[in-house]
Amino acid sequence: MLSRVAENLYWMARYVERAEDTARLLSVNSHLMLDLPRNLPLGWAPLIEMTGTLEAFRARFDTFDEQSVVHFLCADTQNSSSILASLASARENLRTTRDVVPREIWEEVNYLYLGVADHAEHGVSPRRRDAFLKNVIRSCQTLTGLIEGTLSHGPARTFIELGRQLERADMTTRILDVRSASLLPQNPEELLPFENLQWMSLLKSLTAYQMYRQQVRLRVRGPDVLRFLLQDPHLPRAIACTLETLSQELQWLPRQDRVAATVSLVRADVIDADIQALAHSPSKLHAFIDELQVAFANIHDTLSATYFVNSEDVPRVDSSQRPTQSTSGEQDND
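Definitions and cut-offs
- Residues numbered from 1 in each chain as written.
- Predicted model: local features only at pLDDT ≥ 70, side-chain atom pairs only at ≥ 80, totals over all residues.
- Heavy atoms only, no water.
- Helix = DSSP H or I, 4+ residues; strand = E, 2+ residues; numbered from the N terminus.
- Buried < 20%, exposed > 50% of the residue type's maximum accessible area, 1.4 Å probe, protein only.
- Contact = heavy atoms within 4.5 Å.
- Areas by Shrake-Rupley, 256 points an atom, 1.4 Å probe, with all protein chains shown as cover.
- Axes fitted to C-alpha atoms, helices over the stretch in contact; angles between N-to-C directions.
- Parallel < 35°, antiparallel > 145°, perpendicular 65-115°, else oblique.
- Phe/Tyr/Trp six-rings, centres within 6.5 Å; stacked < 30°, edge-to-face > 60°.
- Lys NZ or Arg CZ within 6 Å of the ring centre and 35° of its normal.
- Core = buried A, V, L, I, M, F, W, Y, C linked by side-chain atoms within 4.5 Å.
- Salt bridge = Lys/Arg side-chain N within 4 Å of Asp/Glu carboxyl O.

**Focus: the overall build of the chain**
Then, number 1: A count of helices and strands for the chain gives 15 helices and 0 strands.
Then, number 2: The burial tally for the chain puts 56% of its 334 residues in the buried class.
Then, number 3: Sequence-distant contacts in the chain: of pairs separated by 6 or more residues, those separated by 24 or more amount to 66%.
Then, number 4: As displayed, the chain offers around 15200 Å² of accessible surface, 49% of which is attributable to carbon and sulfur atoms.

**Brief notes about the packing of helix H10 (residues 209–216) against helix H11 (residues 222–231)**
Then, number 1: Remark: H10 packs on H11, axes separated minimally by 11 Å, with the N-to-C direction vectors making an angle of 105°. Here H10 lies roughly perpendicular to H11, going by the angle between them. From H10, Met211, Tyr212, Gln215 and Val216 reach across to H11, where they touch Asp224, Val225 and Phe228.

**Section: the packing of aromatic side chains**
Then, number 1: Using the criterion set out here, one finds 10 aromatic pairs in the structure.
Then, number 2: With a centroid separation of 5.5 Å and 35° between ring planes, the pair formed by Trp11 and Tyr15 is classed as tilted. In this pair, Trp11 and Tyr15 both sit in helix H1 (residues 3–35), 4 residues apart, roughly one turn of the helix. For the residue pair Trp11 and Tyr15, the accessibility class agrees, reading buried in each case.
Then, number 3: Ring centres of Phe57 and Phe64 lie 4.9 Å apart, and the angle between their planes is 15°; this geometry places the pair in the stacked category.
Then, number 4: With a relative accessible area of 1%, Phe57 lands in the buried category.
Then, number 5: Residue classification places Phe64 among the partly exposed positions, given a relative accessible area of 28%.
Then, number 6: An aromatic cluster is built from Tyr10, Trp11, Tyr15, Phe159, Tyr307 and Phe308, whose rings are joined through pairwise contacts.
Then, number 7: The ring of Tyr209 has Lys204 sitting right over it, with the charged end atom 5.3 Å from the ring centre.

**Describing unusual backbone geometry**
Then, number 1: Positive phi, close to 50°, is recorded for Thr207, a residue that is not glycine.
Then, number 2: Relative to the helices and strands, Thr207 is located in the loop between helix H9 (195–205) and H10.
Then, number 3: Accessibility expressed as a relative area gives 46% for Thr207, which makes it partly exposed.
Then, number 4: Although it is not a glycine, Arg255 sits at a positive phi angle of roughly 55°.
Then, number 5: Topologically, Arg255 is positioned in the loop between helix H12 (239–250) and helix H13 (257–271).

**Looking at the side chain of Arg24**
Then, number 1: Checked against the element boundaries, Arg24 lands in helix H1.
Then, number 2: Not counting the four nearest positions on each side in its chain, Arg24 is found in contact with Ile137, Gln141, Ser205, Thr207 and Arg237.

**Focus on the nonpolar core**
One recurring pattern in soluble globular proteins: nonpolar side chains tend to sit buried together.
Then, number 1: Ranked by internal contacts, the top residues of the largest apolar core, which has 99 residues, are Ile83 and Leu229.
Then, number 2: Considering every element that reaches this core, the biggest residue donor is H1, with 13 residues.

**A short note on the pattern of salt bridges**
Then, number 1: Under the definition given, this model contains 19 salt bridges.
Then, number 2: Between Arg237 and Glu20 there is a salt bridge whose closest N-O contact spans 3.1 Å. Of this pair, Arg237 sits in the loop between H11 and H12 while Glu20 sits in helix H1, and the two are 217 residues apart along the sequence.
Then, number 3: For Arg237, a relative accessible area of 8% translates into the label buried.
Then, number 4: A relative accessible area of 3% means that Glu20 is categorised as buried.

In structure tokens:
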């Protein structure tokens, strides 16, 4: 497989996962705002922080009001992490490599992008927002199902899975970091009102609430939620599970020793983390998640150096900025 093809498939998967996760965040936050009192300081700003686009947003908008945030995350073409821009990038990456995947996968990506573009052109109004976000999530899940059910096990599928799992792990840490900042007490005796409701919204952002109730079988508590989302080996969006899947997928590739070793070290750090200490110290949790995001950037860099580019000296990605790729498909390395 050409390096260019592998890279485009990897980025296609990352952008689709990014669009789905952004839609999940907006949907859950919209419902949470209806359940919480108006004077509770939650608002829409955390969504911008989660997606790592704070500087870009401040350069364009003066306030974190609902209309600005929703437009920025849904339909703003100048925001590379918006749903519309992510799907445009996914479509472009797949367009240049669609001969290596079943036609149905290309058709679903194209259909999803055109539907979102048409909706965005008419504006994402509060009345239509819920249906719009549900359609994005459902279509992304349909695409995942098509890949699972129609694409042969081989390099194409492997690079798609690597992109999906790394983006998923990155988003989970971002959600944990920002949401936990308003949830974890500054001292053990401090009890925040509506704390359980916010922890539930965090789980729902990752479609993990029902699985949490089935496996933990306790009321929603901060330490249990952190342990579940960081260390559970079976939840698809838990960090430990995504890293284990990355390790398994890498076994299909040649020259994977360096990348696999990097993934194994990060997974060991997650499994060995002291959840109780993290749960009672927002500063420790924030520092730990920062380390994870830098580690994910290093995994991406190592993957890129091994399979996508000729140079081994790839600059480290700033953990505050999520990796993005040009959709021009200029690289064409064998």
